[in-house]
Amino acid sequence: MSTPPDAGTTPQPQVGTSGRFGLTLLVICGAQLMIVLDATIVNVALPSMRDDLGISEVDLPWVLNAYTLAFGGLLMLGARAGDILGRRRMFVVGVLLFALASLVGGFATTPAFLYVARVVQGVGGAIAAPAALSLVTTTFPEGQQRNRAFGIYAAMSGSGAAIGLILGGILTDLLSWRFVLFVNAPIGLLVTLLAPRVLTEAPRRTGTFDLPGAVGVTAGVTVGVYGLTRTTTHGWSDALTLLCLIGGVALLGLFLLREAMCREPLVPLWLFRNRDRGGANLIILAVAAAMFGVFYFLTLFVQGVLGYSPLQTGFAFLPVSIAIMVAAGVSGQVLGRFGAKPLLVIGPLIAAGALFWLSTLSADSSYPTLLLPATVLFGFGVGISFVPLTAVAVAGVDAADAGLPSGLLNTTQQVGGAIGLAVLATVASTVANNHAADAASAAGSARPSPAAIIEASVAGYADALLVGAGMCLAAMLAGLFMITSAAGRLESAGAAEGASQPVPGHV
C-alpha cells in the first residue's frame, strides 16, 4: 500500500517574498490556464479545422474526443505518477509534452495527424493538471498565502473557458486555426524553463502504478465510442461496429475486475459504496454528456448557418461562461444552508428546460431570441450543480484520500463528455442523413439542394439537443433519488469553500 511522506522530516513550504510568490503562482497558473483553455479554444476553431483538413461531419467530434478520452482516462494515473515520481518533475514532463504536441498538431496536414497530436496533448494534460493542483498545496504554506494562491488558481481555472472562447476566435479569425494549437508552445516552454527554478519538489510516496487499469478503462471507452460513431455510416448490424461496442463493454468489465483484485487500484471500488458519491458521479456523467454536445452543435450552427466568424462565435458563447461562474458562486454560498440535494435537482432541471428550449432550433432561429437566453439558462443550471457535486463527492473521505473522489469525479466528467458527444453526434448525423434523403426524394433528385442540406443539419442538431435534455433529466432523477437530504448540509461554509476549489479540466 502507498504510504504518506514523513511529515516530521519535511519543512513547511515557504515562498518568501511577494515577488517570488507571484512568479511561483504564475508558473503554476500558466500551465493550468493552458490546459483549461483547450476546452473552448479548439471548439471555436472546429469548422475551420473541418474545412481545411477535409474532416467529415461524422469524424469531426474526434478532434475533441481524441483529447478528452486520453485526458480523462489517464488523469488518475497522472496523479499517481506525481505522488510517486515527484510532482514538480511530472508537472514539467506533462507541460512539455502538452506544448510539444500542440506545436506538432498545429502543422497537421491530415485528420489522422491531428487526432494523434490531440491524444498526446491529452496525455500531457493528464500528467500536468493534477500535479499543478497539488503543487499549490505543497508550495505555499498553510494560511493566508495558500488561501490567496487557491483563490487566484480558482479564478484562473474559472475564467479559462471564457478566455479560450475569445482567444480562439481572435487567433482563428486573424491568423489560422493552427494558432489555437501553436499558442500553447511558448507558454509551455516558458513554464518548463521557470518551473525547476521556482518550484520545490514535494516529498514522494511509495507505491506502484496501476497501468493495466488505466489502459483498460481508456481503451474500453475509446473502442466503445468508436463503435458508436461507426453506426452513423455502417449501421448497427455492421460486424466491426458490433465488435467495437461489445469489446468496449468487455474491456470496461475487465477493468472493474482488475480494480477489485489489485492491491493499489487506480480507482478503489470502495468509492462507489457511498450512495451520495455514486449519485454525484452519475449526475456529472449525464450533465457533461449534454454539455459537450451543446457547445459542439451550437458552434457548428452559429458559424455554418448564422454565418458568424470565429471571433463572433467566441463572444456569442461568453455569456454562458459568465452564467456558469455566477451560478457556481451562488451555489457555494447556499450549499451549507440547504444541502446538496435541492441544488442537484434544481440545477439539472433548469439545464434540461434550457435544452428543451434549444431543441426548437431551426434554420430561421436567431441568436438574440433563442440562443442567447437559452444558453445562459443552461449555463446557470450547470453552474448550480458543479459546487455541490464536488462537495458530495469528497464528503466523508479522509484528508489523505480526498484526491481520489475528486479525481474520479473529473475523470467521470471527461469520459461522460466523450461518450455524450459520440451519442449526440450519432443522433444528429442519422437524423440529418434521413432528412436530406427525404428532401432529395421529394424533389426527384439524386442529391439534396444546399438549402435542404442546411435544413437537414439543423434538424439533426435540434434532435441531438432534445436527447441532451433527456440526459439532464436523468441527472435530475439521480439527484432526486440517490442524493440524501443530509448530503452537503453538514459541510457548512467551510466545505462549500473547499468544494469550490477547481478540479482540473472542468469546462
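Everything discussed here concerns the structure shown above.
The sections below set out a description of the structure shown in this document. (Residues numbered from 1 in each chain as written. Predicted model: local features only at pLDDT ≥ 70, side-chain atom pairs only at ≥ 80, totals over all residues. Heavy atoms only, no water.)

## Points about empty space enclosed by the protein
- One pass over the full model with this rule turns up two cavities of 30 Å³ or more.
- Put simply, the second largest cavity is a space of about 40 Å³.
- Residue assignment for the lining of the second largest cavity shows that the elements contributing at least two residues are α8 (211–234) and α14 (403–442).
- Residue contributions to the lining of the second largest cavity peak at three residues, all from α14. (1 Å grid on protein atoms, 1.4 Å probe; cavity = no way out; pocket = protein on both sides within 12 Å on 5 of 7 lines; lining within 4 Å. Points joined across faces, edges and corners; volume = space filled by probe spheres on them. Helix = DSSP H or I, 4+ residues; strand = E, 2+ residues; numbered from the N terminus.)

## Regarding the pattern of salt bridges
- Inspection of every chain in the model, using the stated rule, returns four salt bridges.
- In this structure, the salt-bridge partner of Glu57 is Arg50, at a minimum N-O distance of 3.0 Å.
- Glu57 sits in the partly exposed class, given a relative accessible area of 39%.
- Of the charged contacts, one joins Arg178 and Asp52 as a salt bridge, the two residues approaching to 3.3 Å between their closest N and O atoms. With Arg178 in the loop between α5 (144–174) and α6 (179–182) and Asp52 in helix α1 (residues 18–53), this residue pair connects regions lying 126 residues apart in the sequence.
- Several salt bridges share partner residues, and in doing so they unite Arg50, Asp51 and Glu57 into one network. (Salt bridge = Lys/Arg side-chain N within 4 Å of Asp/Glu carboxyl O. Buried < 20%, exposed > 50% of the residue type's maximum accessible area, 1.4 Å probe, protein only.)

## Quick word on the packing of helix α2 (residues 62–85) against helix α3 (residues 87–105)
- Interaxial distance between α2 and α3 falls to 8 Å at its minimum, and their mutual angle equals 155°. Relative to α3, the element α2 is oriented roughly antiparallel. Judged by the twist between their axes, the crossing of α2 over α3 is right-handed. Within the contact between the two elements, α2 uses Tyr67, Ala81, Gly82, Asp83 and Leu85 and α3 uses Arg87, Arg89, Met90 and Phe98.
- In terms of residue class, the contact of α2 with α3 is built from five nonpolar, one polar and three charged. (Axes fitted to C-alpha atoms, helices over the stretch in contact; angles between N-to-C directions. Parallel < 35°, antiparallel > 145°, perpendicular 65-115°, else oblique. Left-handed = near helix turned anticlockwise from the far one by under 90°. Contact = heavy atoms within 4.5 Å. Nonpolar A, V, L, I, M, F, W, Y, C, P; charged D, E, K, R; others polar.)

## A word on a nonpolar patch on the surface
- A contiguous nonpolar surface patch, about 390 Å² in accessible area, is contributed by Ile322, Met325, Val326, Val330 and Phe380.
- Tallying contributions element by element places helix α11 (residues 310–338) first for the nonpolar patch, with four residues.
- Checked against the element boundaries, Val330 lands in helix α11.
- What makes Val330 partly exposed here is its relative accessible area of 44%. (Patch = residues over 30% accessible without salt bridge, like charges linked within 9 Å, V, L, I, M, F, W, Y side chains within 5 Å. Areas by Shrake-Rupley, 256 points an atom, 1.4 Å probe, with all protein chains shown as cover.)

## Quick notes on the packing of helix α10 (residues 275–304) against helix α13 (residues 367–394)
- Close contact between α10 and α13 brings their axes to 10 Å; oriented N to C, the two are set at 155°. Judged by the angle between their axes, α10 and α13 are roughly antiparallel. Seen along the crossing, α10 lies across α13 with a hand that is left-handed. In contact with Asp276, Arg277, Ala280, Ile283, Ile284, Val287, Met291, Val294, Leu298, Phe301 and Val302 of α10, α13 contributes Leu371, Thr375, Phe378, Val382, Phe386, Leu389, Val392 and Ala393.
- Looking at the contact of α10 with α13 residue by residue, the class counts come to 16 nonpolar, one polar and two charged.

## Structural notes on the nonpolar core
- Counting residues in each nonpolar core, the largest one holds 92 residues, and the members touching the most others are Met49, Val63, Leu114, Leu355, Leu361 and Phe378.
- No other element matches the 17 residues that α10 contributes to this core.
- Contacts of Val63, omitting those with residues within four sequence positions, involve Val42, Leu46, Met49, Ile55, Leu114, Tyr115 and Arg118.
- Listed in part, the 37 residues of the second largest apolar core include Ile28, Ala128, Leu199 and Leu271. (Core = buried A, V, L, I, M, F, W, Y, C linked by side-chain atoms within 4.5 Å.)

## Focus: the side chain of Ser321
- Within the secondary structure layout, Ser321 lies in helix α11.
- Sequence-distant contacts of Ser321, defined by excluding residues within four places in its chain, comprise Ala161, Ala162 and Leu165.

## Looking at the packing of aromatic side chains
- A full pass over the atoms with the stated rule returns nine aromatic pairs.
- Each ring, one from Trp62 and one from Tyr226, has its centre 6.5 Å from the other, and the planes form 55°; the classification is tilted. Pair noted here: Trp62 is in helix α2 and Tyr226 is in helix α8, with a separation of 164 residues, a long-range link.
- An aromatic cluster is defined as three or more aromatic residues linked by ring pairs; in this entry it consists of Tyr67, Phe71 and Phe98. (Phe/Tyr/Trp six-rings, centres within 6.5 Å; stacked < 30°, edge-to-face > 60°.)

## A few points about the environment of Arg230
- Its place among the elements puts Arg230 in helix α8.
- Placed eleven residues apart in sequence, Arg230 and Thr241 show a C-alpha to C-alpha distance of 6.0 Å.
- Not counting residues within four places of it along the chain, the set of residues in contact with Arg230 comprises Gly235, Asp238, Leu240 and Thr241.

## A word on α2
- At Leu75, α2 shows its largest kink, close to 50°.
- With 21 of 24 residues buried, α2 lies mostly within the body of the structure. (Bend = angle between axes of the 7 residues up to and from the residue.)

## Some remarks on α8
- Taking 1.5 Å per residue, 24 residues should reach 34 Å; α8 reaches 33 Å between its end C-alpha atoms and fits that length.
- Just downstream of α8 lies Gly235, where phi reads positive at about 80°. (Expected span 1.5 Å × (residues − 1).)

## Quick word on the environment of Gly125
- By the secondary structure assignment, Gly125 is in helix α4 (residues 111–139).
- Along the backbone, Gly125 and Ala70 are 55 residues apart, and their C-alpha atoms lie at a distance of 8.7 Å.
- Ignoring sequence-local partners within four residues, the contact set of Gly125 consists of Ile35, Phe71, Phe98 and Pro130.

Fair warning: the whole summary comes from geometry, so function is off the table for now.
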